Amino acid sequence: MTPAGLDPAQSGGTITGNINQPDQVSNDRKITDMLGIALDGFMQALEIAKESSDWNPILKSVLGGVAALVQLGQSHSKIRHGLQAKSNTNTLMDVYNEITNALDDFKLALMLVIEQDTQMIHKKIQLDTLETSKTAAHIADIDSDYVSRKSCTKGTREEVLESIDNWVHDSSSPAVSWLTGAAGMGKTTIAKTVCEKIDPLMQSHTLNESDLPKQPLVSFFCSRQLDSGKSGLLLPTICRQLCDHSSSYAAAVVAALEQNSGLASATLNVQLEQLLVKPWMATAAKHLSLPCPLIVVDALDENPGGFAFLQGLLEAVGAKRLEELKFFITSRTDPDISALCATFPPNAVCYLQNISKNSTQNDIRLYLKESLPSVKSALLEKLTEASNGLFIYAATVVNLVIGSNKSTGNEQAIVLKEILSQPSDPDVSMDLNQLYNQIVKDAVSHK
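Residues numbered from 1 in each chain as written. Predicted model: local features only at pLDDT ≥ 70, side-chain atom pairs only at ≥ 80, totals over all residues. Heavy atoms only, no water.

Draft legend 1. Representation of the overall build of the chain within the structure. Helix and strand counts for the chain stand at 19 helices and five strands. Per-residue burial over the chain gives 48% buried out of 447 residues. Of the accessible surface of the chain, which amounts to about 22,400 Å², a share of 51% is contributed by carbon and sulfur atoms. (Helix = DSSP H or I, 4+ residues; strand = E, 2+ residues; numbered from the N terminus. Buried < 20%, exposed > 50% of the residue type's maximum accessible area, 1.4 Å probe, protein only. Areas by Shrake-Rupley, 256 points an atom, 1.4 Å probe, with all protein chains shown as cover.)

Okay, structure coming up:
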């Protein structure tokens, strides 16, 4: 099926016609051969398109690739000028490389679109039998007074985020990375920022994007207060999201559910093996030329199945049964989880408690300046010191100071002074208790 108005054969003739010069026989043959190779590659990409279950979702991408190659051949001034001036071979090679690079980007984008075309797979009733969490995804709209997911303030946590980014994009780095720290140190905020940095890459499949290759993202943010704290939803949700990025994997999951419908409600270990490991292995060849999906699981210790999930995951990864997948895990420094991660190399683990207090305080200072811009610096500095390196303390105070009615700068200063005037205890946990007591008193007084 050839898109109307764009005959590949005619397009190829136009490209080679522009460079056919009688007085440059050898150069003409060379550049014609090279462009012929490029066009052959493009025709292979069209063949890939024909293998898709549905032509329409990729038609726009195909037309974009055709237009890009035709434009390069028809209007590239370096080709015309180079041939007219008897240019050297280096100029021709530069042009050839530019064409082939554009073709490579196009073919990758095309393969991604096909692999993510799960429109037909989604009609399979078996996938609907997987009960999934409605609050686990990092983009979930959470209606809760007890759970907050915000990304890092710009300019904060830069070293940690850079380290994670390096791990994500290093093809030779370990498949599993662990971020850990005590409650209130900002693990969830960091995890959400990691997701937001990757997720926008999946919003476009245009060939002129400089951020190719794009990376599929799966996210599961555990919380005891939400349904993402249920162990029975952990694997089904992760697998269901991964199906959205890979039609070949989704087909394998559907086949497993057709063979055994009980997998939808099976134990975590069984689901890990039958819905994640085996289907992924069965379609391994399909993943080799595509970007490696990243699976982010935040606050693993807040899900009863978290330890079993990590234990089974590390066993599968160690046996090389989950190739071409990466997992970013966050949790408190739980003794059992710590034992599992004890052998992680330095580039695959981050202990937030080991980051200098001075660095953390500087990040909190930036966060407060952005969150309370109308409050004087002296008051913000006192709050920074009172936070004692705990982001949760600073964030809780900010929420209390701003209030539900978005108070003015003067009102914010009054509330903040009142909070800071409370007697302080050297024990951080006592400071938090005093802060939460203040919140309760404030809520009661406004009833």
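The rest of the description comes next.
Draft legend 2. Spotlight on the layout of surface pockets. Here the second largest pocket is characterised by a volume of approximately 590 Å³. Considering the residues around the second largest pocket, the lining is formed by 26 residues, among which S171, S173, A175, L325 and K326 are closest to the centre. The class makeup of the residues in the lining of the second largest pocket is 15 nonpolar, five polar and six charged. (1 Å grid on protein atoms, 1.4 Å probe; cavity = no way out; pocket = protein on both sides within 12 Å on 5 of 7 lines; lining within 4 Å. Points joined across faces, edges and corners; volume = space filled by probe spheres on them. Nonpolar A, V, L, I, M, F, W, Y, C, P; charged D, E, K, R; others polar.)

Draft legend 3. Highlighting the pattern of salt bridges. Counting across every chain of the model gives six salt bridges. Between E196 and K192 there is a salt bridge, and its shortest N-O distance comes to 3.5 Å. Residue E196 and its partner K192 are both found in helix α8 (residues 187-198); the two are separated by four residues, about one turn of the helix. With a shortest N-O distance of 2.6 Å, E273 and R321 are connected by a salt bridge. Highlighted residues: E273 in helix α11 (residues 268-282) and R321 in the loop between α13 (306-318) and β4 (326-331), separated in sequence by 48 residues. In this structure R321 comes out as partly exposed when scored by relative accessible area, which is 23%. (Salt bridge = Lys/Arg side-chain N within 4 Å of Asp/Glu carboxyl O.)

Draft legend 4. Geometry of unusual backbone geometry. You will see that K320, though not glycine, has its phi angle at about 60°, which is positive. As for its placement among the helices and strands, K320 is situated in the loop between α13 and β4. The class for K320 is exposed, based on a relative accessible area of 61%.

Draft legend 5. View of α11. In this model, α11 (15 residues) spans 20 Å end to end at C-alpha, consistent with the 21 Å of a helix rising 1.5 Å per residue. Those residues of α11 that are buried are in contact with α9 (234-243), α10 (247-259), α12 (284-287) and α13. (Expected span 1.5 Å × (residues − 1). Contact = heavy atoms within 4.5 Å.)

Draft legend 6. Representation of the packing of helix α15 (residues 357-371) against helix α17 (residues 391-402) in the model. The contact between α15 and α17 brings their axes to 10 Å, and the two run at 15°. The angle between the axes of α15 and α17 places the two elements in the roughly parallel class. As α15 runs across α17, the sense of the crossing is right-handed. For the pair formed by α15 and α17, the contact residues are T360, D363, I364, Y367, L368 and S371 on the first element and F391, A394, A395, V398 and I402 on the second. (Axes fitted to C-alpha atoms, helices over the stretch in contact; angles between N-to-C directions. Parallel < 35°, antiparallel > 145°, perpendicular 65-115°, else oblique. Left-handed = near helix turned anticlockwise from the far one by under 90°.)

Draft legend 7. Summary view of the nonpolar core. Ranked by size, the top nonpolar core spans 45 residues in total, and within it F309, L322 and I329 carry the most contacts. Only β1 (176-180), β2 (217-221), α9, α10, α11, β3 (294-298), α13 and β4 provide two or more residues apiece to this core. If near-sequence neighbours (up to four positions away) are discounted, L322 is found in contact with L276, V277, W280, L313, A316, V317 and F327. C152, I164, Y367 and V398 belong to the second largest nonpolar core, which has 40 residues in total. (Core = buried A, V, L, I, M, F, W, Y, C linked by side-chain atoms within 4.5 Å.)

Draft legend 8. Expanded view of the confidence of the model for the chain. The predicted model of the chain averages 78 in pLDDT, with 66% of residues at 70 or higher. Counting contacts from residues 204-213, a segment whose pLDDT is below 50, to residues more than four positions away or on other chains yields 17 contacts. Note that residues 439-447 has pLDDT below 50 and, in this model, three contacts with residues that lie over four places away or in other chains. (pLDDT = per-residue confidence, 0-100.)

Draft legend 9. Looking closely at empty space enclosed by the protein. The final tally for this structure, using the stated rule, is three cavities of 30 Å³ or more. Of the voids in this model, the second largest cavity is the one considered here, and its volume is about 60 Å³. Along its surface, the second largest cavity is lined by V160, S163, I164, W167, S177, F328, N347, A348, V349 and C350. Looking at the lining of the second largest cavity, the elements that each hand over two or more residues are α7 (158-169) and β5 (349-351). Counting residues per element, the lining of the second largest cavity draws most heavily on α7, which supplies four residues.

Draft legend 10. Molecular detail of the packing of aromatic side chains. Counted under the stated rule, the structure contains four aromatic pairs. Between the aromatic rings of W167 and F328, the centroid separation amounts to 6.2 Å while the plane-to-plane angle is 45°, which identifies the pairing as tilted. Of the two residues, W167 is situated in helix α7 and F328 in strand β4; the sequence distance between them amounts to 161 residues. Taken individually, W167 and F328 each receive the classification buried, so the pair is uniform in this respect. For the pair Y249 and W280, a centre-to-centre distance of 5.6 Å together with 65° between the ring planes defines the contact as edge-to-face. Taken as a pair, Y249 in helix α10 and W280 in helix α11 lie far apart in primary sequence, 31 residues in all. For the residue pair Y249 and W280, the accessibility class agrees, reading buried in each case. Positioned above the aromatic ring of W167 is the side chain of K326, whose terminal nitrogen or guanidinium carbon lies 4.9 Å from the ring centre. (Phe/Tyr/Trp six-rings, centres within 6.5 Å; stacked < 30°, edge-to-face > 60°. Lys NZ or Arg CZ within 6 Å of the ring centre and 35° of its normal.)

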